[in-house]
Amino acid sequence: MLKLQYLSHSAFIFDDGQNQVIIDPFISGNPNSPIKWEDVKARFIVLTHGHGDHFGDTLQIAKKNDAVVIAINELANYVAKRGVKTHNMHIGGSWNFDFGRVKFTVAHHGSSLDNNEYMGEPAGVILSIGGKNIYHAGDTALFMDMKLIGEMTPIDIMLVPIGDNFTMGIDDAVKACEFVQPKLAIPMHYNTFSVIKADPNEFVRKSKAKGINARTLAYGEILEF
Ligand code: NI
Ligand code: MN
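The sections below set out a description of the structure shown in this document.

### Examining the sheet that holds strand 4 (residues 44–46)
- Strand order in this open sheet of 7 strands is 6-5-4-3-2-1-13, and the pairing throughout is mixed. Across the chains shown, the open sheet's two edge strands, defined by having one partner strand only, are strand 6 (85–89) and strand 13 (222–224). Within this sheet the neighbouring strands show an average axis-to-axis angle of 20°, counted without direction.
- Here strand 4 pairs with strand 5 (residues 68–72) via 3 bridges, running parallel. Paired with isoleucine 45 across the strands is valine 69, a residue of strand 5.
- Together, strand 5 and strand 6 form the strand contacts of helix 3 (residues 73–80), whose direction differs from that of strand 5 by roughly 145°.

Shown next, in the form of structure tokens:
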């Protein structure tokens, strides 16, 4: 059993009935977030990279819930120095946790704090939880090796950035889904700021035209599998 909740931007909560995992908890300062950071009960926080619109409320949520932050080594070390439990990983590696498995993949992007301190490489995440494989692409350009990701792990749900400017736009995101061939594609990383305005329904239309099952999620909407 799996519940997936979209919090807007690139933030999602996954719940297998026993464990909650949150990815990229950008809540405070996110104009579209339907919840407050205090509402998050997750004991696991997965980060794709260090940018503020992904790192978000990580430290507060982790301290309140005694949560483990799962991140790329350099970013995890930064978090650990602030008194939070971490599990350090790196691209290509995977590890089993109470809820399932995490594997970090390549993403073509940057990863720094607001002061430009570099936080290692950015990543995508394959999260296996509740019997499903979810590929959260992080912030990334389109790249051919996404084909390998789909070949090595059958992806049930692909969470794909469509907002352009900092990441793929809609047409590249549709091509990314053609490479990965998920059972369901869900757009993310759009309409939070004026420079990433995009129509998620256009993404859905263009995906379906290529034979990819896709749908939008409203802010706060929960899907059950
Ligand atoms: Ni970013
Ligand atoms: Mn971003």
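Anyway, onward from the coordinates.
### Some details on the coordination of the nickel ion (ligand 1)
- With distances of 2.2 Å, the protein atoms coordinating the nickel ion (ligand 1) are His49 (NE2), His51 (ND1), His109 (NE2) and Asp139 (OD).
- For the nickel ion (ligand 1), the 4 donor atoms are set out with angles of 89 to 176° between them, so the coordination reads as irregular.
- Donor residues for the nickel ion (ligand 1) sit on one chain with the sequence pattern H-x1-H-x57-H-x29-D.
- Here the nickel ion (ligand 1) and the manganese ion (ligand 2) are spaced 3.2 Å apart, with aspartate 139 acting as a shared donor. Of the two residues, histidine 109 sits in the loop between strand 8 (100–106) and strand 9 (123–129) while aspartate 139 sits in the loop between strand 10 (132–136) and helix 4 (146–152), which places them 30 residues apart along the sequence.
- By relative accessible area, which is 24% here, histidine 109 ends up partly exposed.

### Considering the sheet that holds strand 9
- Ordered in space as 7-8-9-10-11-12, the 6 strands form an open sheet in which the pairing is mixed. Because the sheet does not close on itself, it has two edges, and the strands there are strand 7 (94–97) and strand 12 (184–188). Put simply, the sheet's adjacent strands are angled 20° from each other on average, direction ignored.
- Pairing geometry for strand 10 and strand 11 (residues 157–161), over 3 bridges, is parallel. Looking at strand 11, one finds that isoleucine 134 is bridged to isoleucine 157.
- Where helix 5 (residues 170–180) meets the sheet, it contacts strand 10, strand 11 and strand 12, and its direction lies at approximately 155° from that of strand 11.

### Some details on the nonpolar core
- Among the nonpolar cores identified, the biggest contains 54 residues, and Phe14, Ile70, Val102, Leu127, Tyr135 and Phe203 are the most heavily contacted of them.
- The element best represented in this core is helix 5, accounting for 7 residues.
- Ignoring sequence-local partners within four residues, the contact set of isoleucine 70 consists of Phe44, Ile45, Val46, Leu47, His87, Met89, Phe97, Phe99, Val102 and Phe104.
- Ile22, Val69, Val84 and Met119 belong to the second-largest nonpolar core, a separate cluster that totals 23 residues.

### So, the packing of helix 5 against helix 6 (residues 200–209)
- Where helix 5 contacts helix 6, the two axes come as close as 9 Å, and the packing angle between them is 40°. Considered as vectors, helix 5 and helix 6 are oriented oblique to each other. Crossing of helix 5 over helix 6 shows right-handed handedness. Counting all contacts with helix 5, which are made through Ile170, Asp171, Ala173, Val174 and Cys177, the residues of helix 6 involved are Glu202, Phe203, Lys206 and Ser207.

### Overview of a nonpolar patch on the surface
- There is a patch of nonpolar side chains on the surface, built from Phe166, Phe193 and Val195 and spanning about 260 Å² of accessible area.
- Since its relative accessible area comes to 45%, phenylalanine 166 is described here as partly exposed.

### Quick notes on the coordination of the manganese ion (ligand 2)
- Binding of the manganese ion (ligand 2) to the protein goes through Asp53 (OD), His54 (NE2), Asp139 (OD) and His189 (NE2), at separations of 2.1 to 2.2 Å.
- For the manganese ion (ligand 2), all donor residues lie on one chain, and their spacing in sequence is D-H-x84-D-x49-H.

### Describing the side chain of histidine 54
- Looking at where histidine 54 falls in the secondary structure, it is placed in helix 1 (residues 52–55).
- Only 2.8 Å separates the side chain of histidine 54 from the side chain of aspartate 24, close enough to count as a polar contact.
- Reaching out from histidine 54, the side chain makes a polar contact with the side chain of histidine 189 at a distance of 3.5 Å.
- Histidine 54 has contacts with His9, Ser10, Asp24, Pro25, Phe26, Leu47, Thr48, His49, Asp139 and His189, leaving out every residue within four places of it along the chain.

The rules we used
Residues numbered from 1 in each chain as written. Chains lettered and ligands numbered in written order. Predicted model: local features only at pLDDT ≥ 70, side-chain atom pairs only at ≥ 80, totals over all residues. Heavy atoms only, no water. Pairing = 2+ DSSP bridges. Helix = DSSP H or I, 4+ residues; strand = E, 2+ residues; numbered from the N terminus. Axes fitted to C-alpha atoms, helices over the stretch in contact; angles between N-to-C directions. Contact = heavy atoms within 4.5 Å. Donors = N, O, S within 2.8 Å, 3.2 Å for Na, K, Ca; no water. Tetrahedral: all angles 85-135°; square planar, octahedral: opposite > 155°, others 65-115°. Buried < 20%, exposed > 50% of the residue type's maximum accessible area, 1.4 Å probe, protein only. Core = buried A, V, L, I, M, F, W, Y, C linked by side-chain atoms within 4.5 Å. Parallel < 35°, antiparallel > 145°, perpendicular 65-115°, else oblique. Left-handed = near helix turned anticlockwise from the far one by under 90°. Patch = residues over 30% accessible without salt bridge, like charges linked within 9 Å, V, L, I, M, F, W, Y side chains within 5 Å. Areas by Shrake-Rupley, 256 points an atom, 1.4 Å probe, with all protein chains shown as cover. Salt bridge = Lys/Arg side-chain N within 4 Å of Asp/Glu carboxyl O. Polar contact = N/O pair within 3.5 Å; in protein donor to acceptor, adjacent residues only side chain to side chain.

Such coordinate-based values are descriptive only and should not be taken to indicate function.
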